[in-house]
Amino acid sequence: MAADPTLPAGEGPPQDTVHLRLLGGFRLLRGTVPVAVPRGLQRVIALIGLRPGATRSNLAGLLWPDNAEERALASLRTALWRLRQDPCCPISAAGDTVRLDPVVRLDVDDLVLSAARIREGENPRALADALDAGRHDLLPGWYDDWVLLERERLRQLRLHMLEQIAGNHLVAGRHGEALQAALEAMAAEPLRETPHRLVVRIHLAEGNAFEAVHAFYVYRDLLLRELRLEPSAAMSALLEETLGPIREATRNGGLPTGAPADTASPSRRGT
């Protein structure tokens, strides 16, 4: 594990800035310089980052689940020894626990912190990076059980954060910002109903009945095509006031109450 050897001697990046990126793929950076890490050690570093303060037994069991405990612990000791031989080592060990070195900044922590700030009611306008946080999946292409669990946890965390941002903006009357956050959540999970419901509510709050109805039927068609399901009663109820008169008029063969009548003269209607 070493920094990029193409840098001229004495011109390396600051030694106190280390970034560990796990969203979108594993990357370890010292300053802006990538650090090459063998795949086996990537797994060790990633798990330590995701499970701060985990015991050695816990780490060994997750990393080598098919091995006997003593053998798994021996493999972990070897991996930690290899990591500590390198000056770029991003971990520290104290007794039975292992964690990232305090100088390491983990992108997953940034996502978790943004979500916590939103939950605590911080003004979403102050979180310029909140919409971008967690846009990429955790360690794509990795299929360890602990990766799958953390990937889903972070996906749900981001979806709820985006929906709360959209809801906060909607309540404050900031419809453009609300729509942006709701569409971001929709892009992350197209079949999830709550962001589509938010989009309908936002359009209705702006007085855009056509946009609201269009958004509803786009989602309804998607849901029927993919899952053979209908939108929930809660979502359908959002449009009851808008669609109710139209449906009633369709059944009666006339115009809904308040709809503009044909004002053309009798002579013109007869032509």
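In case you missed it, the structure is sitting above this.
This write-up is about the structure you can find in this document. This structure is a prediction, so every number in the text was calculated from the model and none was measured. (Residues numbered from 1 in each chain as written. Predicted model: local features only at pLDDT ≥ 70, side-chain atom pairs only at ≥ 80, totals over all residues. Heavy atoms only, no water.)

**A short note on the packing of helix α5 (residues 145–171) against helix α7 (residues 193–206)**
Okay, so step 1: In the contact formed by α5 and α7, the axes pass within 11 Å of each other and the chain directions differ by 15°. Considering their axes alone, α5 and α7 lie roughly parallel with respect to each other. Taken as a pair, α5 and α7 cross one another with a handedness that is left-handed. Contact residues: E163, A166, G167 and L170 in α5; T194, P195, L198, R201, I202 and A205 in α7.
Okay, so step 2: Across the contact of α5 with α7, the residue classes tally to six nonpolar, two polar and two charged. (Axes fitted to C-alpha atoms, helices over the stretch in contact; angles between N-to-C directions. Helix = DSSP H or I, 4+ residues; strand = E, 2+ residues; numbered from the N terminus. Parallel < 35°, antiparallel > 145°, perpendicular 65-115°, else oblique. Left-handed = near helix turned anticlockwise from the far one by under 90°. Contact = heavy atoms within 4.5 Å. Nonpolar A, V, L, I, M, F, W, Y, C, P; charged D, E, K, R; others polar.)

**A short note on the packing of helix α2 (residues 56–63) against helix α3 (residues 69–84)**
Okay, so step 1: It is the contact of α2 with α3, at a shortest axis distance of 9 Å, that shows an interaxial angle of 100°. On the basis of their axis angle, the class for α2 and α3 is roughly perpendicular. Contacts from R56, S57, L59, A60 and L63 of α2 reach α3 at E69, A72, L73, L76 and L80.

**Focus on the nonpolar core**
Note that soluble globular proteins tend to have their nonpolar side chains buried in a common cluster.
Okay, so step 1: L20, L22, F26 and V44 are the most contacted members of the largest nonpolar core, which totals 71 residues.
Okay, so step 2: The greatest single-element share of this core, amounting to ten residues, is contributed by α5.
Okay, so step 3: Aside from chain neighbours lying at most four places away, what touches F26 is L20, R21, V37, Q42, I45, A46, L139 and W142. (Core = buried A, V, L, I, M, F, W, Y, C linked by side-chain atoms within 4.5 Å. Buried < 20%, exposed > 50% of the residue type's maximum accessible area, 1.4 Å probe, protein only.)

**Brief notes about helix α1 (residues 39–50)**
Okay, so step 1: The terminal C-alpha atoms of α1, which comprises twelve residues, lie 17 Å apart, in line with the 16 Å expected from a rise of 1.5 Å per residue.
Okay, so step 2: Within α1, ten of the twelve residues are buried, leaving the element largely enclosed by the surrounding structure.
Okay, so step 3: If you check which residues of α1 are buried, you get L41, Q42, R43, V44, I45, A46, L47, I48, G49 and L50. (Expected span 1.5 Å × (residues − 1).)

**Here's the deal with the sheet that holds strand β7 (residues 97–100)**
Okay, so step 1: Taken in spatial order, the three strands of this open sheet run β5-β7-β6, and their pairing is antiparallel. In this open sheet, the two edge strands, each paired with only one partner strand, are β5 (54–55) and β6 (91–94).
Okay, so step 2: Taken together, the four bridges between β6 and β7 define a ladder with antiparallel strand orientation. When the sheet's bridge partners are listed, I91 is paired in β7 with L100.
Okay, so step 3: Packed onto the sheet, α1 meets β6 and β7 and runs at close to 95° relative to β7. (Pairing = 2+ DSSP bridges.)

**Some thoughts on the pattern of salt bridges**
Okay, so step 1: Applying the stated criterion across every chain, the model contains twelve salt bridges.
Okay, so step 2: Taking the shortest distance from any N to any O, the salt bridge between D144 and R43 comes out at 2.9 Å. Of this pair, D144 sits in the loop between α4 (107–119) and α5 while R43 sits in helix α1, and the two are 101 residues apart along the sequence. Pair check on accessibility: D144 and R43 agree, each one buried.
Okay, so step 3: A salt bridge links R155 to E152; the nearest nitrogen and oxygen atoms lie 3.0 Å apart. Of this pair, R155 and E152 both sit in helix α5, three residues apart, which is roughly one turn of that helix.
Okay, so step 4: Linked by salt bridges that have partners in common, R51, E150 and R153 make up one network. (Salt bridge = Lys/Arg side-chain N within 4 Å of Asp/Glu carboxyl O.)

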